[in-house]
Amino acid sequence: MTLKVPRLEGDLMPRLRQWTPALSGGALSLVVFLFPGETPLLRACGMALVIVAMAMSLCRFGAALALCGCLVLAFSPAFWTQTGGASRQDLLPLLALATLAALVVLLLLRRQGSLLLAAVVALALFSLVFWWQQGQTESLRLTALASAWLLVLLLDLLQRALPHPDDAGVREPEASHAWAILILLVIGIVNTRLFVLFVPAVCSALILSKVRLSRLFWPIFLLACLFGLSGIVSRYLSSEWWLYPAGQAMEEGLVLPWLLADGWREAARWLTLLETVRDQLSIPGSLLALIGLSRLSRWYPATGIVTLLAWGCWALFGLVYFGRDIAVLLLPLHMIGIIWMTVAVHAIRDWSERLAQGSAFGPGRVVTGIYALLPLWLLLQHL
């Protein structure tokens, strides 16, 4: 299982070629969001940027699988619920801000030569536009956007710091990776306090990668964590419902936007969580995700640990949260599942190609074609 590790820095043209599947997936999903989905332009662009990030996290598995995987997220039921809605944006100031953001990104690329830094700055500017348009935070789309790009940075950091012996051309991680992760973490936590659920995975990634950090990093990191935790307490913990029996709540059919402390102890809550995952990835996709996790843990143990830790934190929230919008709030969990699923498909494709080595039959293309049927099937459910 040899992965193609993308380089986020270097010559511009090689980077653009590596971004081709991501940009293709983003453009295709944007068209679908705009027309069949009838989504306002700004919202559709934000959703398409999520798909671009998802493809970037998968591009180490090859362009075809990255394109298929990102489209699975684009057409998954939870993500598709974000389409539609009325347009309230004044496009003229948005175009002016988009032009300004593009100029800032080009300036950073010219002076710093870092596409990583430019992408994070562009996301920060996009976040300001989002908050300005909404007049408040708590944007589910911005949460998905920050989650997707955070996963890109975490995977890239771990692949650089702890590559497999068969990987070639892997560069050492730099402090800019950690600062970019911190910026995304702050954006995510300011937008929604739930983003603090990524903190254990981020901490483990930074520790395992052994990247050198300045003394200023950890105080900012700690303040962001405390801000997120205090927000979760004030937003999701209610003195009236926190100790309410979860079993009784399920018997009564209560739907509450609160956390119930003993929800994780109820077997029915675990079944509900598994059903939520199944509804997004399908039954075959869920099984492939399990295979992908085991395969990833063998070839890239650190990446397997970090992604499993992130998945576990969001899954724990899913067990104790009784709100109606649980499927949408768990989008980061579904993103991680798609990564695992793509790892499994990549491993199956490699195994089939080795098995048929020397024959005219190309089983790898067949495996990729079968995987491509999943996003197509999901899209047809919405048309």
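Please refer to the structure higher up on the page.
Criteria and cut-off values
Within any chain, residue numbers begin from 1 and follow the written order of that chain's sequence. Since the coordinates come from a predicted model, pLDDT governs what is reported: local features require at least 70, and pairs of side-chain atoms require 80 or more to be given and counted, while whole-chain, interface and lining totals use all residues. Note that water and hydrogens are dropped before the side-chain values are worked out from all heavy atoms of the structure. Secondary structure counts use DSSP, requiring at least four H or I residues in a row for a helix and at least two E residues in a row for a strand, with both numbered from the N terminus. Multiply 1.5 Å by the residue count of a helix minus one, and that product is the helix's expected span. Only protein chains enter the accessibility calculation, which uses a 1.4 Å probe. A residue is then buried if its area is under 20% of the maximum for its type, exposed if over 50%, and partly exposed in between. Of all possible arcs, the one meant is that of the directions from the helix axis to the C-beta atoms. The definition of a nonpolar core used throughout is a set of buried Ala, Val, Leu, Ile, Met, Phe, Trp, Tyr and Cys residues joined through side-chain atoms within 4.5 Å. Here, residues are in contact when the closest pair of their heavy atoms is within 4.5 Å.

Caption draft 1: Focus on helix α2 (residues 20-34). A rise of 1.5 Å per residue sets the reference length of α2, with its 15 residues, at 21 Å; its end C-alpha atoms lie 21 Å apart and thus fit the reference within 8%. When α2 is considered as a whole, its buried residues turn out to be Pro21, Ala22, Gly25, Gly26, Ser29, Val32 and Phe33. Looking down the long axis of α2, one finds its buried residues gathered within 130° of arc, a one-sided arrangement.

Caption draft 2: Layout of unusual backbone geometry. A positive phi angle is found at Lys210, which is not glycine, with a value near 55°. Considering the arrangement of structural elements, one finds Lys210 in the loop between α10 (199-209) and α11 (217-236). For Lys210, a relative accessible area of 72% corresponds to the exposed category. Backbone geometry places Ser282, a non-glycine residue, at a positive phi of 75°. Here Ser282 is to be found in helix α13 (residues 267-299).

Caption draft 3: Layout of the nonpolar core. Counting 110 residues, the largest nonpolar core has Trp149 and Phe317 as the members making the most contacts within it. In this structure Trp149 touches Trp19, Leu49, Val52, Ala53, Met56, Leu123 and Leu184, once residues within four positions along its chain are discounted.

Caption draft 4: Inspection of helix α4 (residues 63-74) at higher detail. Compared with an ideal rise of 1.5 Å per residue, which puts 12 residues at 16 Å, α4 spans 16 Å between its outermost C-alpha atoms and is within 8% of the ideal. Of all the 12 residues making up α4, 9 are buried; the element is thus mostly covered by neighbouring parts of the structure. Taken residue by residue, α4 has Leu65, Ala66, Cys68, Gly69, Cys70, Leu71, Val72, Leu73 and Ala74 as its buried positions. Elements that come into contact with the buried residues of α4 comprise α2, α3 (41-58), α5 (77-80), α16 (331-355) and α17 (363-380).

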